[in-house]
Amino acid sequence: MSKGPSLHSSRSSYLRLSGRRSRTSFSFVSFLALLLMTVAQAAFPPQKLGATGLIPALEMPDVPVIKNNAPPPAPLPNVGDISVNLSLAEGQKDLSVGKDKEALQVFNGILLETPRDKVPLSVFLGISRAYRHLKAPNRAIVTLLPLIKSQTLAQADPEEKREYMYELGVADGLIHNKTGIEHYLVPVFPQLEKPREILSATHALLPYFESENPLEGVLYLGRAIDRIDPVHQQGLLSSIIDLIHDHITDTGELQTIIRTFPHEFPGDYAEFRTGLAALSGKKKDPEQAETLFLSLLANYPASLFTGSAEERLNHLSLPVDMPVVAVLLPALSNRTRGPYAHSFILGLHDFFRKEESSGDPFPSLMLRFVKNPQAYTRTLKDLVRHQKVVALLGPFFPDDFKAASSFLAHSDFVAVSPTLPPDPGLSHFFSTATVPDMMASAAAIATEKRVTPSHVVIVYPKGPYGQHVRNVYTSTLTGLGGQVIGSIFYDPRRPDNQAALEKLKSFGTRMEISKDTGLPQGATLVSEDAVQMGGKVFFLGSRIRNTKHVRTLFLPSFDVLYVPDTSAEPASLLREIAYKNIQNILLIGNETFLRIRGLSGIQELHDTILATGPPPLGPSSPVPMVNGRSRPSLFSLQTYDALRLLQKASASVDGPTRQGIRKFLDSHPSLEGVSGTMTWNGPGQFKKSVTIYQLSGRRWIPSDTVEVSYGEEK
């Protein structure tokens, strides 16, 4: 059906080309039509015509009206708006590539060609930024300041308002306008996210913070570090260090920084400066300095200032008549021993935070950091020669002990090691360690208590530790009537040990279940994915065989799996074991397992999951939960116990002496420690309690305590 002449028809061309004639013709036709309608209305009144007022033969049917609920079409963009947006994009592009003069020309052009109330805020911001880049901050301020009470600013979105305060504040900072900085830049600084803005604002704020409030500056800038990329962090770190070094000497303000940043920069630098302050001036306090440097090493192990703190401690001296306990540690920067050293330091720090307030006497510590066993012995001899050493905390490592054992044998002071077992050749060498032998023996005892007789496979870490623990566990279990039917080693440094754990399938029977094979004897199907055998539910695996989908089942010939793990992610290892479809066994591990907070889907596969470890820490425990740790490491707890032992011995005499400490330990050979209750039975012999935990949901619940011995008495 035709809708009228086409725009390209001959008639439409005629109408366009013959404008005068077409307008005359159209007027005459319209007049005739109007005359006919007037005559029709006179002949047929509206009441006779019907609802539409037309003649009956042309009356339209009464049809329902269909409403269109669609939103009205968006108005077409105004030509002026398009022009402004294009020019704005051009100006911002010029700004981004450093063409500030060109950008200024573009933005000013928009101002000239656009009504003032139609100019977007981003144009004024662009002008201000261009002036600021051109070293004309006064012009930037003149551009923005009149907009404070304008509709342009009131109608801007929050991001544009934030940028307005930033631009005005930075410009005020460049002319050192204190009022403008306080009103605009300081309030907006915590909201800045772009590194460029943070660095520009920092440059503008530094003179203000230096003269008005250095502490506020350190707190503001310190919180901004994580919001900029590492490439630009160095400049910000240097600015903060300068603020603290040049303008903050008050101990109270330094403590405020430490409390605000308890485990990150600049708290570490504030702690370091506090320690230096304790070593300077007329009232030098080397003990206080030692405590502060120790706190730095405990709370900021990755700090840039740990090396400097260790160096200060290596040269720190106390009055020659003051009793001291020597503590020789590896440097935190040592790649192999550094993490262990941090555990020992945490034990020291926890002890002094908790026990120093008790009022019980304790010898001062004399900390030294050594590089190798030869340096260990040399440093120990030097300390004994120049300080009043009444005891030694350590050695911590076997090679240090080997190097120093001859000197210790000819010395009359007590040595207490948190990590090494006692030596039968040294009558005054004590240990608070739960050595691997004890953990392995405790695991064997727990195994035989749960499953009798037991058939065990050991999955142990590759290396001397794993081999030693495997041998101790096997020996203890065999003596109790159990049997180790196999062992498999894995590499704890590898993220994937599937190939090694596949060997577990050699200790049992593999089955395939299909319509052809049917179920094993004594098994009932409880679901499509599980069967019940011997009162236990086994989940079925699956595989493709000859293009057919078949179910698989592994029945282990062992009922216990012992895993003395040393990996950083023990849960990952257990998941790999679960992937092998190992089910319905007793799974037992060491204290490493206690870091696991839940094994969704794995716990239901086994009869029980156990772990050996130190006693639980409750609200009344003497060990504080510090540094955000859910539980201190075993090494930290054992270090804490070694210090408690020396504290008890020191409190028993009038002033700590070598003879008094020896006498007390000989007559009181026991300690109820946070790492376990221990008893010494002569040189090279002692007993210690080990707690057995059971995983229940996401919690490890203490289920038993066993006492194990080391040395001749077993």
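For the structure itself, consult the block above.
Residues numbered from 1 in each chain as written. Predicted model: local features only at pLDDT ≥ 70, side-chain atom pairs only at ≥ 80, totals over all residues. Heavy atoms only, no water.

> What is the right way to read the packing of aromatic side chains from this model?
Working definition: an aromatic ring pair is given by the centre-to-centre distance plus the angle between the planes. The final tally for this structure, using the stated rule, is 21 aromatic pairs. An angle of 80° between the planes, with centres 5.7 Å apart, marks the rings of Phe430 and Trp680 as edge-to-face. Pair noted here: Phe430 is in strand 5 (residues 429–431) and Trp680 is in strand 18 (residues 676–680), with a separation of 250 residues, a long-range link. Each member of the pair, Phe430 as well as Trp680, is classed as buried. Put simply, the rings of Tyr340, Phe344, Phe396, Phe397 and Phe635 touch in pairs and so form one group of aromatic residues. One Lys or Arg, Arg337, reaches over the ring of Phe397 and ends 4.2 Å from the middle of that ring. Across from the ring centre of Phe554, 5.6 Å away, lies the NZ or CZ of Lys505, which sits over that ring. (Phe/Tyr/Trp six-rings, centres within 6.5 Å; stacked < 30°, edge-to-face > 60°. Helix = DSSP H or I, 4+ residues; strand = E, 2+ residues; numbered from the N terminus. Buried < 20%, exposed > 50% of the residue type's maximum accessible area, 1.4 Å probe, protein only. Lys NZ or Arg CZ within 6 Å of the ring centre and 35° of its normal.)

> Looking at this structure, how should I read the sheet that holds strand 13 (residues 548–556)?
The strands making up a sheet are joined through hydrogen bonds of the backbone, oriented either antiparallel or parallel. Strand order across the open sheet formed by 3 strands is 8-13-12, with antiparallel pairing between neighbours. The sheet terminates laterally at strand 8 (508–513) and strand 12 (541–545), the two strands that pair on one side only. Across the sheet, the mean angle separating the axes of adjacent strands is 35° when strand polarity is ignored. Pairing of strand 12 with strand 13 involves 5 bridges; the strand directions are antiparallel. Paired with Gly541 across the bridge in strand 13 is Thr552. (Pairing = 2+ DSSP bridges. Axes fitted to C-alpha atoms, helices over the stretch in contact; angles between N-to-C directions.)

> What exactly am I supposed to notice about the pairing of strand 18 here?
For a regular strand, side chains alternate in direction, first toward one face of the sheet and then toward the other. Taking every second residue as pointing to the same face, the buried face of strand 18 carries Gly676, Met678 and Trp680, while none of Thr677 and Thr679 on the other face is buried. Here strand 17 (residues 670–673) runs beside strand 18; their pairing, made up of 4 bridges, is antiparallel. Bridging across to strand 18, Leu671 finds its partner in Met678. The antiparallel hairpin formed by strand 17 and strand 18 contains 2 residues in its connecting segment. In the sheet, strand 18 pairs with strand 19 (residues 686–696) via 3 bridges, with the strands oriented antiparallel. What sits directly across from Met678, in strand 19, is Lys688.

> What am I meant to see in the packing of helix 19 (residues 373–386) against helix 20 (residues 398–409) here?
In helix packing, the relevant descriptors are the interaxial angle and the interaxial distance, both defined with respect to the helix axes. Contact geometry for helix 19 and helix 20: axes closest at 8 Å, N-to-C directions at 35°. In the crossing of helix 19 with helix 20, the sense of the turn from one axis to the other is right-handed. Contacts between helix 19 and helix 20 involve Pro373, Tyr376, Thr377, Leu380, Lys381 and Val384 from the first element and Asp399, Asp400, Ala403, Ala404, Phe407 and Leu408 from the second. (Left-handed = near helix turned anticlockwise from the far one by under 90°. Contact = heavy atoms within 4.5 Å.)

> Can you walk me through the pattern of salt bridges in this structure?
Proximity of charged atoms lets side chains of opposite charge pair with each other. With the rule as written, the count across this model stands at 14 salt bridges. Lys449 serves as the salt-bridge partner of Asp704, at 2.9 Å between the closest nitrogen and oxygen. Residue Asp704 is located in strand 20 (residues 699–710), and its partner Lys449 is located in helix 21 (residues 436–450); the two are separated by 255 residues in the primary sequence. Assessed through its relative accessible area of 28%, Asp704 is described here as partly exposed. Residues joined by salt bridges that share partners form a network here, namely Arg129, Arg132, Glu163 and Glu167. (Salt bridge = Lys/Arg side-chain N within 4 Å of Asp/Glu carboxyl O.)

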